[in-house]
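# Survey of secondary and tertiary structure
Residues per chain, in single letters:
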Amino acid sequence: MYVYDEHDRQIAAERVAQFRDQTERALAGELAEEEFLPLRLQNGLYVQRLAPMLRICVPYGMLRSDQLRRLARITRDYDKGYAHFTTRTNIQLNWPNLEDVPDILAELAEVEMHANQTSGNCIRNTTTDQFSGVQADEIADPRPYCEIIRQWSTFHPEFAFLPRKFKVAVNASEQTDRAAIQVHDIGLQLVRNDQGELGFRVHVGGGLGRTPMVAPVIREFLPELDLLTYLEAVLRVYNRYGRRDNKFKARIKILVKALTPEGFAEKVEAEWEHIRTSPTRLTPEAIGKFQGYFTEPAYQTLENATDELSKQRFENREFDKWLTYNVGEHKKPGYACVTLTLKKTGTPPGDVTDYQLEQIAELADQFSFGEVRATHEQNVVLADVRQDQLFELWQRMIPLGFATANLNTLTDVICCPGGDFCALANAKSIPVAEAIQRRFDDLDYLYDLGPIDLNISGCMNACGHHHVGNIGVLGVDKKGEEFYQVSLGGDSHHNATIGKILGPSFARDQMPQVIAKLIDVYVEKRTEEETFLDTYRRVGLEPFKERVYA
Amino acid sequence: MPDVIAADGTIRNDNWVLVARPADGDSLDIPAGQSALIPADLWLAGHEHFAGRDDIGVWFDSHDEPELLAGKVNELPLIAVNFPRFVDGRGYSIARLLRERFGYSGELRAVGDVLLDQLQFMKRCGFDSYVLRADKDITKAARCLNFFSQAYQAATDTDQPLFRRRAS
Ligand code: SF4
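Residues numbered from 1 in each chain as written. Chains lettered and ligands numbered in written order. Predicted model: local features only at pLDDT ≥ 70, side-chain atom pairs only at ≥ 80, totals over all residues. Heavy atoms only, no water.

In the nomenclature of an unreviewed UniProt entry, chain B corresponds to Oxidoreductase from the organism Marinobacter excellens HL-55.

As annotated in an unreviewed UniProt entry, chain A is Sulfite reductase (NADPH) hemoprotein beta-component from Marinobacter excellens HL-55.

Here is the structure:
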């Protein structure tokens, strides 16, 4: 994992001092609210419905146990003893005081954390696959590139006031896309060309929100050394020509569409031609240095613990289920990737208490080299667990509420904070998630249904990624009342697809019933092997629509 | 013009005035006896008349294209870039292009909705003078220009990104 050197530490300390100064000037009335707004947003600070909300950056989802412990302490000392994992692998505090934020940032800086650019019209936290570095099929570890992008984009002087927010995601596997890169402003797919050289396929102009779009490819192969100069060219074209007259048309996807992907690519290439050999071009040594931070932990030479696990499985059905659903393969024999689900019914998806954060740190230290990864599905991953320790880990996790074996099932809901916390919301989202989780509380039934992405957003901003849920739910406001629009067929993976709206929206108390009807249609129509998405793709929207509006 | 802040935070005074774009049909109204900044395209249109004068500079608005003056920038004693609203970040790209692409070496001035917390970005993008919005406390400019002692990425102020400085 990346470790700060003296440069990073100095910049982080200077940033804390700067934000302290800005906060003091804001509190003294020297900065008008609209002047302070972008400054505090670029430090992750929103002023929300009930209190300020602070979004702490978790670069590409990686966290160390000392950082988890510090976060736990911060939630106790400055907040109400809990935190929320977001769909962009960041962590939010819901109740800090504005005056305390500089102190919180100072505490974070001590453990090499910050809240830089977690909001505002700037380049946000770069996200990637939560299983980076441990998957057999990845082309290269994406995290060194994510860190390279983090450093390049941090306080970039030219791109601090873009037309709108800007999100980059990197994916490393050709088979799966767990980073949903095609719905990002820039999606980078690691690839090798015919000569075996490493580079990226560059997608630009994807996004959710009011005008959901799947990002077209604007360059098939970008050599790795050219990563930053090319990003700089894309950002410069966007900064100069992106729309600034209408907030809803300001994302880069609108510019790409207006110019056509080909037209946009031409402009980028022309700009890039001027700067591609500038000193911003990466060097093999620099990349090597970043890669040096993401080397393998001290794995032991092990055999797969197949016999032991099958015995444990046989003796314990609950363990068997958990192993099937929440534990994944690892590139090293004898190891496994474990997902801790933060989706226990009755707890808002992604919420953790200070105690739970500390317990995750304990588990990380004992079972996974002291590191964890946050996922965009709002779960936490221990990526390097010995197979012969899985049973013990599982037993430890049960009382902590992390062993709900519902990963990727209907009740592993992605859900934004919604109207309970968020000032922008049209409707609450957490109670909808909970009502659906309560309705579908039979795990065996959930397993029978197979993988289903249910994504819920409280408004068009789509923090809950509703467009790419197999079932998407969007909170809408109808004459001051909260309603929910349902869409079907969204997919955030390699065949990224935006869901289709089912029809008129529903009241909140109808929602569990609506979902149940959709599921019934699937169960009736599916063939042996089909997932919900497969069936939907085969039979289309109509049968679902007929049933729900019958 | 009122007080002007230099890149090191010192404050001086000079007499450049910014001449607004004339309404359609009107002609450019350059005040006599004063150094004047005129819209870049009008300077180009009157190139024969304006070239070589050290009392006539140009200004770009945030939607203007600096490409307009490619090859001619160093005929100018002063170029200003207007920030109509501080959240309009196009001026940063304009500045970098003037400096890094077109090689402008004279004074580059930020005008308009120029606030304290944006000075650091302007400086890094090649602006070396700033006219702060009148209601802001000019005595704080030096501090706000110098919060950071180094940066991660290359820009106009340094062509060495941190990854190259680290390697050495
Ligand atoms: S989707 Fe809307 S309601 Fe939900 S967190 Fe984002 S802005 Fe708030």
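There is more to say, and it comes next.
On a plain count of helices and strands, chain B comes out with six helices and eight strands. Seen in sequence order, chain B has helices and strands lined up from the N terminus as β-β-β-β-α-α-β-β-α-β-α-β-α-α. Its C-alpha atoms give chain B principal-axis dimensions of roughly 55 × 35 × 25 Å. The proportion of buried residues among the 168 residues of chain B is 54%. Summarising the internal contacts of chain B: among those between residues at least 6 apart in sequence, 48% fall at separations of at least 24. On chain B, roughly 7,000 Å² of surface is accessible, and the fraction owed to carbon and sulfur atoms is 49%. Counting 19 positive and 25 negative side-chain charges, chain B places the averaged centre of each group 10 Å from the other. (Helix = DSSP H or I, 4+ residues; strand = E, 2+ residues; numbered from the N terminus. Buried < 20%, exposed > 50% of the residue type's maximum accessible area, 1.4 Å probe, protein only. Contact = heavy atoms within 4.5 Å. Areas by Shrake-Rupley, 256 points an atom, 1.4 Å probe, with all protein chains shown as cover. Lys, Arg positive; Asp, Glu negative; His and termini not counted. Charge placed at Lys NZ, Arg CZ, Asp CG, Glu CD.)

So, on to the packing of helix 11 (residues 317-326) of chain A against helix 13 (residues 390-397) of chain A. Residues and elements named next belong to chain A. The geometry of helix 11 relative to helix 13 is characterised by a closest axis approach of 11 Å and an angle of 100° between their N-to-C directions. In terms of orientation, helix 11 lies roughly perpendicular with respect to helix 13. The residues of helix 13 that touch helix 11, namely those facing Glu318, Phe319, Trp322 and Leu323, are Leu390, Phe391, Trp394 and Met397. A class-by-class count of the residues in the contact of helix 11 with helix 13 yields seven nonpolar, no polar and one charged. (Axes fitted to C-alpha atoms, helices over the stretch in contact; angles between N-to-C directions. Parallel < 35°, antiparallel > 145°, perpendicular 65-115°, else oblique. Nonpolar A, V, L, I, M, F, W, Y, C, P; charged D, E, K, R; others polar.)

Here we take up helix 13 of chain A. Residues and elements named next belong to chain A. Considered for burial, the residues of helix 13 that qualify are Leu390, Phe391, Leu393, Trp394 and Met397. Across the axial projection of helix 13, the buried residues extend over an arc of 160°, all falling on one side. Looking at the packing, one finds that the buried side of helix 13 touches helix 10 (306-315), helix 11, strand 11 (327-329), strand 12 (335-340), helix 12 (354-367) and strand 15 (380-386). (Arc of directions from axis to C-beta.)

Turning next to the sheet that holds strand 5 (residues 91-93) of chain A. Residue and element names in this part refer to chain A. Pairing is antiparallel in the open sheet, where five strands are placed in the order 1-2-5-4-13. Lying at the two open borders of the sheet, with one neighbouring strand each, are strand 1 (45-47) and strand 13 (351-353). Averaged over all neighbouring strand pairs, the angle between strand axes comes to 30°, with direction disregarded. As paired strands, strand 1 and strand 2 (residues 52-56) are joined by three bridges and run antiparallel to one another. Across the sheet, residue valine 47 finds its bridge partner in strand 2, namely proline 52. (Pairing = 2+ DSSP bridges.)

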